[in-house]
Amino acid sequence: MNFVRTVWLVTRKDLLIEARSKEILFTTLFFAISCVLVFAFGFVREGRALEDAAAAILWIAIAFSGTLALGRAFERERQSETLRALMIAPMPRPALYLGKLLGVVLLLAAVEVVIVPLVSLMFEAPLFEHGWLTLGLLATGTIGFAAVGTLFAAMLVRARSRDVLLPVLLYPITIPVIIAGVRGTAALLQADVDVSMARLWLSMLVFFDAVFVTLALWTFEPVMTE
Amino acid sequence: MFAYAPFMIVRAPYETTMGPISRIFYFHAPSGMTMFLSAFVCGIASAIYLFSRRDGADRVAVAAAELTAILGIIVLVTGPLWARKAWGVWWEWEPRLTSSLVLWLIFVAYLLLRRYGGPGSDRLAAGVAVFGMVNVPFVYWSVNLWRTMHPKTTVVPTLPPGMRGPFWYSFVAFTLLYIITLHLRTRLEKRRAELEVLYLALEE
């Protein structure tokens, strides 16, 4: 079985379960909307949002709901010991990692499809003016966050108190992603749009993704071996 | 050498605007530098442990992680004391401060994972340490682009000669102290592992 096909099979398995139950998608989506609502009370004064608030709220919502989705995606694998079955299956471990990563990224993309227009509407943020750059920032940011998150969530499956440990481990490591995402988006939303700044952050995110996906592929095998 | 450091520091010339508080510098900067050193020691030791399964490397990694956390506390306590005097604020969202805090958080997370992660968490923690080490330049660069105010690294060569001596003296003292503590802590971990083996043998 070739590598790409294995990756796709793992992803398809996750998507199929999700398509039937829609459990993670709906819970994560409404959690993200609640995040936007809760943070709006902190950042909106006299009916007007503070400067940069839209970018901050968008990325906080993505990071929080991403953590939730990661936790759930692997909790499902743990409950019926299916992760063990996947580990025993005769396939390269990196393919398993990439398959899970792709599943998480697609799930978060589905959440973002709702969240981004919502934030744009509620905070009068012109997120679609520089559509491609925003899309690039969102895509690379989500991949970066999920790349680290998938590895950590996978390795925490066997650990105790995994629900608390996942955010505790994940947030400090993904701080560059959050900073780049928020500042890059904010550069596109401010009164005088700073396209070159957004491009700089985007290139940093691409670099981050390349380094951390490689590192995760490299460490997945020794970390997951019992 | 460590005992002599206070005398060196007292003899160092006064910094006119800040007075005695500037002496924290001899404590703050070396502990910050050893903290970053320690983070790299932990990361490299963890990578070795992850790929070669040598228990010795894991012991060095635990020792280094604990020292990173302790040095981090020293840095994060002395930093604000100094900042209050130098910049008039306790805390400033500035690159060095923020990245030190992030680095400290990563290694506290490492220790939390080892403590509460249950069996097998040593290898998971090693993964976290490797990620943490690789993350350092990213954190530094991104936070740097975000904000700037701390005296640059280039402040050291520009120090007046009277202050430079005690500074390097403190730095060497701190590095030596670090190496000794690391060694002792690693040995303690080794003894503990040996003791465990003996206990198991006794039970059988």
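Source: prediction; values computed, not measured. (Residues numbered from 1 in each chain as written. Chains lettered and ligands numbered in written order. Predicted model: local features only at pLDDT ≥ 70, side-chain atom pairs only at ≥ 80, totals over all residues. Heavy atoms only, no water.)

(A) Expanded view of the overall build of chain A. Secondary structure assignment for chain A yields nine helices and two strands. Put simply, chain A runs from its N terminus to its C terminus through helices and strands in the order α-α-β-β-α-α-α-α-α-α-α. Contacts spanning at least 24 positions in sequence make up 81% of the contacts within chain A whose residues lie at least 6 apart. Total accessible area on chain A is roughly 10300 Å²; 68% of this is exposed by carbon and sulfur atoms. (Helix = DSSP H or I, 4+ residues; strand = E, 2+ residues; numbered from the N terminus. Contact = heavy atoms within 4.5 Å. Areas by Shrake-Rupley, 256 points an atom, 1.4 Å probe, with all protein chains shown as cover.)

(B) Structural context of the overall build of chain B. Within chain B, the regular secondary structure consists of six helices and zero strands. Scanning chain B from its N terminus toward the C terminus, one meets helices and strands in the order α-α-α-α-α-α. Within chain B, the fraction of its 204 residues that count as buried is 47%. Sequence separation of 24 or more characterises 76% of the internal contacts of chain B that already satisfy a separation of 6 or more. For chain B, the computed accessible surface area is about 10600 Å², with 70% contributed by carbon and sulfur atoms. (Buried < 20%, exposed > 50% of the residue type's maximum accessible area, 1.4 Å probe, protein only.)

(C) Highlighting the confidence of the model for chain B. Residues and elements named next belong to chain B. Here chain B shows a mean pLDDT of 75. Residues at 70 or above account for 72%. No element of chain B has a lower mean pLDDT than helix H1 (residues 5-11), at 56, and none a higher one than helix H4 (residues 95-116), at 84. Counted against residues more than four places away or in other chains, residues 14-18, with its pLDDT under 50, gives eight contacts. (pLDDT = per-residue confidence, 0-100.)

(D) Layout of the packing of aromatic side chains. Under the defined criterion, the tally for this structure stands at 12 aromatic pairs over all chains. When the centroid spacing of 4.3 Å and the interplanar angle of 25° are considered together, the rings of A:Phe208 and A:Phe212 count as stacked. Taken together, the positions of A:Phe208 and A:Phe212, both in helix H9 (residues 195-224) and four residues apart, correspond to about one turn of that helix. Across the pair, exposure class does not vary: A:Phe208 and A:Phe212 are buried alike. Ring pairs connect the aromatic residues A:Phe152, A:Phe207, A:Phe208, A:Phe212, B:Phe131 and B:Phe138, which therefore count as one cluster. Between A:Lys100 and the ring centre of A:Phe74, over which it is positioned, the NZ or CZ distance is 4.9 Å. (Phe/Tyr/Trp six-rings, centres within 6.5 Å; stacked < 30°, edge-to-face > 60°. Lys NZ or Arg CZ within 6 Å of the ring centre and 35° of its normal.)

(E) Representation of H4(B) in the model. Residues and elements named next belong to chain B. Helix length check: H4 (22 residues) gives 31 Å between terminal C-alpha atoms against 32 Å at 1.5 Å per residue, within 8%. Taken together, the buried positions of H4 are occupied by Pro-95, Leu-97, Thr-98, Ser-99, Ser-100, Val-102, Leu-103, Ile-106, Phe-107, Ala-109, Tyr-110 and Leu-113. In the stretch just after H4, Gly-118 is the one whose phi turns positive, near 80°. (Expected span 1.5 Å × (residues − 1).)

(F) Focus on the environment of B:Arg53. Within the secondary structure, B:Arg53 sits in the loop between helix H2 (25-52) and helix H3 (55-86). Filtering out sequence-adjacent residues up to four positions away, B:Arg53 remains in contact with A:Pro222, A:Thr225, B:Ile48 and B:Arg123.

(G) Fine view of the packing of helix H7 (residues 162-173) of chain A against H4(B). Axis separation between H7(A) and H4(B) bottoms out at 9 Å; the angle between their running directions is 155°. Overall, the two elements H7(A) and H4(B) adopt an arrangement that is roughly antiparallel. Between H7(A) and H4(B) the crossing geometry is left-handed. Residues A:Leu165, A:Val168, A:Leu169, A:Pro172 and A:Ile173 of H7(A) form the contact with H4(B), whose participating residues are B:Val102, B:Leu105, B:Ile106, B:Ala109, B:Tyr110, B:Leu112 and B:Leu113. Residues of the contact of H7(A) with H4(B), tallied by class, amount to 12 nonpolar, no polar and no charged. (Axes fitted to C-alpha atoms, helices over the stretch in contact; angles between N-to-C directions. Parallel < 35°, antiparallel > 145°, perpendicular 65-115°, else oblique. Left-handed = near helix turned anticlockwise from the far one by under 90°. Nonpolar A, V, L, I, M, F, W, Y, C, P; charged D, E, K, R; others polar.)

(H) How the structure looks around the nonpolar core. Ranked by internal contacts, the top residues of the largest apolar core, which has 91 residues, are A:Val148, A:Phe152, A:Phe212, A:Met224, B:Cys42, B:Leu113 and B:Phe131. Ranked by residues supplied to this core, first place goes to H9(A) with 13 residues. With residues near it in sequence (within four places) discarded, A:Val148 still touches A:Leu170, A:Ile173, A:Thr174, A:Phe208, A:Phe212 and B:Phe131. Counting 24 residues, the second-largest nonpolar core is a separate cluster that includes A:Leu29, A:Ala54, A:Ala56 and A:Ala186. (Core = buried A, V, L, I, M, F, W, Y, C linked by side-chain atoms within 4.5 Å.)

(I) Quick peek at the side chain of A:Thr134. Turning to its location among the elements, A:Thr134 is positioned in helix H6 (residues 131-156). Ignoring any residue separated from it by four or fewer positions in sequence, one finds A:Thr134 in contact with A:Leu127 and A:Leu188.

(J) Quick peek at the interface of chain B and chain A. Taken residue by residue, the interface counts 29 residues in chain B and 34 residues in chain A. Approximately 2800 Å² of surface area, both sides summed, lies buried where chain B meets chain A, with 81% of it carried by carbon and sulfur atoms. Interface area lost by chain B to chain A is led by B:Leu124, B:Phe131 and B:Phe138, which between them contribute 26%. Applying the counting criterion to the chain B and chain A interface returns zero salt bridges. Our count for the contact surface shared by chain B and chain A stands at two residue pairs in polar contact (both at pLDDT 80 or more). Looking at the side of chain B that touches chain A element by element, the count peaks at 16 residues for helix H5 (residues 121-146) of chain B. Of the residues belonging to the side of chain B that touches chain A, the class tally is 21 nonpolar, six polar and two charged. (Buried area = accessible area lost by both parts, 1.4 Å probe. Salt bridge = Lys/Arg side-chain N within 4 Å of Asp/Glu carboxyl O. Polar contact = N/O pair within 3.5 Å; in protein donor to acceptor, adjacent residues only side chain to side chain.)

(K) How the structure looks around H9(A). Look at H9(A): 41 Å from first C-alpha to last across 30 residues, which is about the 44 Å you get at 1.5 Å a residue. A:Trp218 marks where H9(A) bends most, by close to 30°; the proline A:Pro222 follows one to four residues later. (Bend = angle between axes of the 7 residues up to and from the residue.)

(L) Molecular detail of a nonpolar patch on the surface. The grouping of B:Val172, B:Leu176, B:Ile179, B:Ile180 and B:Leu184 at the surface amounts to a nonpolar patch, some 430 Å² of accessible area in total. Structurally, B:Leu176 can be placed in helix H6 (residues 161-203). (Patch = residues over 30% accessible without salt bridge, like charges linked within 9 Å, V, L, I, M, F, W, Y side chains within 5 Å.)

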